[in-house]
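Close look at the chain arrangement
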Number of protein chains: 2
Amino acid sequence: MSKTVSAAVALIGDELLSGRTQDVNLKTIAEFLAPVGIQIAEARVLSDDHERIASAVRDLARTYDYVFTTGGIGPTHDDITADAVAAAFGRPIDIRDDARAILEARYAETDVELTPARLRMARIPDGASLIDNPVSGAPGFQLENVFVMAGVPVIVKGMLQDVGHRLEGGAIVLSRTVRGKGLREGDIGEALGTLQDAMPELSFGSYPWFRAGDNGANLVVRGVDANALDDAVAALVELVKAHGRNPEVDPTN
Amino acid sequence: MSKTVSAAVALIGDELLSGRTQDVNLKTIAEFLAPVGIQIAEARVLSDDHERIASAVRDLARTYDYVFTTGGIGPTHDDITADAVAAAFGRPIDIRDDARAILEARYAETDVELTPARLRMARIPDGASLIDNPVSGAPGFQLENVFVMAGVPVIVKGMLQDVGHRLEGGAIVLSRTVRGKGLREGDIGEALGTLQDAMPELSFGSYPWFRAGDNGANLVVRGVDANALDDAVAALVELVKAHGRNPEVDPTN
């Protein structure tokens, strides 16, 4: 069986903690990594604080195979992620010629001036390799096992296209869902636990929903063995039927 | 000036890390706490792992004034938050009579049976006080400075109604936004940094957006002094005008 490869995500920005901005990047990164065979084991949402970012990145980079950061690499004073990641690894950081050349080429095509503020976006730690930004030009970077990306969701999606080929994935965790409309998870909790005990190589979860006039539970099973998942889905279907509900197997995952 | 009161949030559940579920509770909690005068300083998204949850809760409870957790207090085997929080504080945990009575009363009104699985939801650590759940009955709890809530968004909103009166808030951080349609943040980065240096008691941020045929930046200033914020908003309006754009001051925040 191939090895498990784990990742952590650091979502950086005061706006995520104040409630101003709803993060969507964690889900994007998770969905990008899953088919590569990398599971996100932890995520942190961090304020624009140099010490906290540096300390969290250092900690996460030691604990997990890969770390992905979003946010804080733009042209304004509150964009401090690049410096904090450099500090996490004790690397010098300054405006780097390769990154400056990318910005110069990009802005030469337009009427946009390469201001000192924009030159902040060419600050790249020594030894880092650049990550292409097909949306707005300013690159991200990879330093050791840490991938530093922008915060704007469309740029994150663009940058991930230059990240995948650098990753060494492991076992791909597959996920299957059996939807039980009207199912109350308290009715199947024991049986689900028994199923989990019987199939310890898989991971079973139950996710209820409550809406006006509509409730139920999604029973989800995850694991690397497709045959075992088929057996588990069959067992979940029986479980839902045994409680008088009509199971729907989600065909997409 | 009143003191700063900080909080951390732990969002618990494999489904948040796999990309299956988009968290919305962080934003709900942030918006609930802001008018009370409590700022979220950090958030973590944690997998359903007893040791990791216990360790993170212990760490966060020592570091911040309050900790709020969501997820993992339902009736199935993967609901392990209550036990992990008890472990974080070294408290015994078992089915408690007060919580059991709430469940019994709730289920007596319906045809739902109080199964052993549902009785898991009456597992409450010694010394914790219950948090009312107006949606589905099963209570959350407060242990020391940690508030343990469900993961289902509508239940989180319900439980927060029984949390507010227990919190001692501090300085209320106000936020104002000046929207600059067409504004490129690289053009105003230096001036914004100068403004930040001139008004160190406030916190300035710049949040660009990029959509097809539409781009711009929201300039946000946060702080506790309403007069200082008015001055800052006036300065931001001038800054946007000086770059040939039409500033819109968001009246709602």
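Now for a look at the structure at hand. Source: prediction; values computed, not measured.

Glancing now at the overall build of chain A. Tallying secondary structure elements over chain A gives nine helices and 12 strands in all. Projected onto its principal axes, the C-alpha coordinates of chain A cover approximately 65 × 45 × 35 Å. Taken over 253 residues, chain A has a buried fraction of 55%. When contacts within chain A are restricted to residue pairs at least 6 apart in sequence, those whose partners lie at least 24 apart make up 70%. Per element, the accessible surface of chain A, about 10,500 Å² overall, is 49% carbon and sulfur. Between the mean site of the 24 positive side-chain charges and the mean site of the 37 negative ones, chain A shows a separation of 3 Å.

The two chain copies are connected by a rotation around an axis plus a translation along it. Note on the identical chains: chain A maps onto chain B by a rotation of 180 degrees and an axial translation of 0.0 Å, with an RMSD of 0.0 Å. Considering both components of the superposition, the chain copies are consistent with a two-fold axis. Closest approach to the rotation axis within chain A is made by the C-alpha atom of Arg44 of chain A, at a distance of 2.1 Å. In this assembly, 100% of the residues forming the interface of chain A have copies in chain B that are likewise at the interface, indicating an isologous arrangement.

As summarised here, the arrangement of the 12 strands in space is 6(A)-7(A)-8(A)-3(A)-1(A)-2(A)-2(B)-1(B)-3(B)-8(B)-7(B)-6(B), forming an open sheet in which the pairing is mixed. If you trace the sheet from one side to the other, it starts and ends with strand 6 (129-131) of chain A together with strand 6 (129-131) of chain B, each paired once. Here the strands of the sheet are splayed against their neighbours by 20 degrees on average, with no regard to which way each runs. In this structure, strand 7 (residues 140-143) of chain B lies alongside strand 8 (residues 146-149) of chain B, joined through three bridges in antiparallel fashion. Following the sheet pairing, Phe141 of chain B is matched in strand 8 of chain B by Val148 of chain B. Together, strand 2 (38-46) of chain A together with strand 1 (5-12), strand 2 (38-46), strand 3 (66-70) and strand 8 of chain B form the strand contacts of helix 2 (residues 25-33) of chain B, whose direction differs from that of strand 2 of chain B by roughly 165 degrees. Contacts between helix 4 (residues 81-88) of chain B and the sheet are confined to strand 1, strand 3, strand 7 and strand 8 of chain B, with strand 7 of chain B contributing the most and set at about 5 degrees to the helix.

Turning our eyes to something else, we now look at the interface of chain A and chain B. Residue-level contacts link 59 residues of chain A with 59 residues of chain B. At the boundary of chain A with chain B, total buried surface from both sides reaches about 4,800 Å², with 55% on carbon and sulfur atoms. If you look at where chain A meets chain B, you find four salt bridges. In this structure, Asp187 of chain B engages Arg118 of chain A in a salt bridge whose closest nitrogen and oxygen atoms are separated by 2.8 Å. Our count for the contact surface shared by chain A and chain B stands at 14 residue pairs in polar contact (both at pLDDT 80 or more). Elements supplying a minimum of two residues to the side of chain A that touches chain B: helix 1 (14-17), helix 2 (25-33), strand 2, helix 6 (116-119), helix 7 (153-160), helix 8 (185-198), strand 10 (203-211) and strand 11 (214-223) of chain A.

Cut-offs used in this document
Residues numbered from 1 in each chain as written. Chains lettered and ligands numbered in written order. Predicted model: local features only at pLDDT ≥ 70, side-chain atom pairs only at ≥ 80, totals over all residues. Heavy atoms only, no water. Helix = DSSP H or I, 4+ residues; strand = E, 2+ residues; numbered from the N terminus. Buried < 20%, exposed > 50% of the residue type's maximum accessible area, 1.4 Å probe, protein only. Contact = heavy atoms within 4.5 Å. Areas by Shrake-Rupley, 256 points an atom, 1.4 Å probe, with all protein chains shown as cover. Lys, Arg positive; Asp, Glu negative; His and termini not counted. Charge placed at Lys NZ, Arg CZ, Asp CG, Glu CD. Least-squares fit on C-alpha atoms with pLDDT ≥ 70 in both. Pairing = 2+ DSSP bridges. Axes fitted to C-alpha atoms, helices over the stretch in contact; angles between N-to-C directions. Buried area = accessible area lost by both parts, 1.4 Å probe. Salt bridge = Lys/Arg side-chain N within 4 Å of Asp/Glu carboxyl O. Polar contact = N/O pair within 3.5 Å; in protein donor to acceptor, adjacent residues only side chain to side chain.

Geometric values such as these leave the question of function open.
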